[in-house]
Amino acid sequence: MTYAPGRCARIRIVKQIFVIGIGAGDPDHLTLQAVRAIARTEVFFLLDKGEEKADLVRLREDILREHAAPSHRVVVARDPERDLRTSTPGYAPAVDDWRQRRAEVYERLIADEVRGDGTGAFLVWGDPALYDSTLGILDEVRARGRAAFERTVVPGVSSVSALAARHRIGLNQVGRAVQITTGRRLADGGWPDGVDDVVVMLDAHRTFGRFTGRGLHIYWGAYLGTPDEILLSGPLDDGLAERIAVVRAEARERKGWIMDTYLLRRGIPA
Ligand SMILES: C[S@@+](CC[C@H](N)C(=O)[O-])C[C@H]1O[C@@H](n2cnc3c(N)ncnc32)[C@H](O)[C@@H]1O
């Protein structure tokens, strides 16, 4: 609501869009703030990423069954496919094109499915602030100017927090920095300067395998927070890198997809 000085208050009616972090796989990751935002939401947008990740859509549906108002609506939209064959030089343009196409989908959802002063929500895996494009895409939608709305972000438990909790560790060593990066960046740029702890996400290529022989320790977790969760940790040398690669490949084969995250730590005495 905005107050315009003068003889009467002018009420600006605007759509409210929640971006709600729902945690990394365990329905109990939901915060009270998320539960309240879900209960207030009229229409939820679920982005279907295809058959392989139907499990992820299912978690969102379970959450809504438990916490959403009986009158809520769900609109499922097909997430535009990203061209994963693109090699590194073409990576940025391919991502730009994919984001554009997603912006068009989001714009249409907000314009067509949320009434004038209504509420809509995107349920985001983990925390919306960490390797998730929803906030950036909503910025793009606002910039295009065809759909007017306000947005509220509800933080969630990220896979990184879940990894640390399940291994009962802190992410940083005393007074030291920790870096969160992707498998691609770690592979391309090598071990970053000035840190002893590196958290790696979005790693389809088992990049930890390139860092054997340096006395590193690994804390690895797949499907964190779900009934399929797998945890492995220890010195990366002496066969653990190979063992994680095998366990990972078997799990991926079994389920058809995998999400894993790990911390590589330098400085633990052998
Ligand atoms: C697109 S990012 C999304 C991160 C998410 N916003 C978060 O806060 O965790 C996807 C990556 O997060 C990690 N990830 C997400 N959920 C996970 C889970 N339950 N177990 C292990 N890793 C997970 C994996 O590294 C995966 O490749």
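These numbers were taken from a predicted model, which means no experiment stands behind them. (Residues numbered from 1 in each chain as written. Predicted model: local features only at pLDDT ≥ 70, side-chain atom pairs only at ≥ 80, totals over all residues.)

S.K.: Which residues make up the confidence of the model for the chain, and what values do they have?
M.R.: If pLDDT is low for a region, its predicted coordinates should not be looked at in detail. A residue-level look at the chain finds 90% of positions with pLDDT of 70 or above and a mean pLDDT of 89. pLDDT under 50 marks residues 1-5. Its contacts with residues more than four places away, or in other chains, come to seven contacts. (pLDDT = per-residue confidence, 0-100. Contact = placed C-beta atoms within 7 Å.)

S.K.: Run through the site of the ligand, naming residues and quoting values.
M.R.: Close contacts around the ligand come from 20 residues, with Gly126, Ser158, Ser159, Met201 and Leu224 the closest. Elements that contribute at least two residues to the shell around the ligand include exactly strand E8 (217-222) and strand E10 (260-265). For the shell around the ligand, the domains that each give at least three residues are domain 1 (15-157) and domain 2 (160-265). (Near = placed C-beta within 6 Å. Helix = DSSP H or I, 4+ residues; strand = E, 2+ residues; numbered from the N terminus. Domains from an automatic or database assignment.)

S.K.: Quick rundown of the pairing of strand E7 (residues 197-201)? Include the residues and the values.
M.R.: Burial of E7 is extensive: five of the five residues sit out of reach of the surface. Here E7 shows no split at all, with Asp197, Val199 and Met201 on one side and Val198 and Val200 on the other all buried. Sheet analysis places strand E6 (residues 178-182) next to E7, joined by five bridges and oriented parallel. Its bridge partner being in E7, Thr182 is matched across the sheet by Met201. The β-α-β motif built from E6, the intervening helix H6 (residues 183-189) and the parallel element E7 has right-handed crossover chirality. (Buried ≥ 20, exposed ≤ 12 C-beta atoms within 10 Å, placed from the backbone. Pairing = 2+ DSSP bridges. Right-handed = clockwise from strand over helix to strand, strands pointing away.)

S.K.: Could you give an account of the environment of Leu47, naming the residues involved and the relevant values?
M.R.: Of note, Leu47 is situated in strand E2 (residues 43-48). Separated by 29 residues in sequence, Leu47 and Val76 place their C-alpha atoms 5.9 Å apart. Excluding anything up to four places from it in sequence, Leu47 contacts Ala77 and Asp79.

S.K.: Residue-level account of the sheet that holds strand E3 (residues 73-78), with values.
M.R.: Spatially, the five strands line up as an open sheet ordered E3-E2-E4-E1-E5, and their pairing is parallel. Whereas interior strands pair on both sides, the edge strands pair on one side only; in this sheet they are E3 and strand E5 (149-154). With strand direction ignored, the average angle separating the axes of adjacent strands in the sheet is 25°. Judged from the three bridges that link them, E2 and strand E4 (residues 119-124) form a sheet pairing that is parallel. Along E4, the bridge assignment pairs Val43 with Gly120. With respect to the sheet, helix H2 (residues 54-67) is in contact with E2, E3 and E4, its orientation differing from that of E2 by roughly 165°. Where helix H4 (residues 134-144) meets the sheet, it contacts strand E1 (15-21), E4 and E5, and its direction lies at approximately 165° from that of E1. (Axes fitted to C-alpha atoms, helices over the stretch in contact; angles between N-to-C directions.)

S.K.: I'd love a proper account of the sheet that holds E10, names of residues and values included.
M.R.: The strands making up a sheet are joined through hydrogen bonds of the backbone, oriented either antiparallel or parallel. One open sheet accounts for five strands, arranged E6-E7-E10-E8-E9; its pairing is mixed. Whereas interior strands pair on both sides, the edge strands pair on one side only; in this sheet they are E6 and strand E9 (230-235). Looking at each pair of strands side by side, their axes are set apart by 15° on average, direction ignored. Two elements, E8 and E10, share six bridges in a ladder whose sense is antiparallel. Across the sheet, the residue bridging to Trp220 is Tyr262, located in E10. Each of E8, E9 and E10 is contacted by helix H7 (residues 240-255), which is oriented at about 170° to E9, the strand it contacts most.

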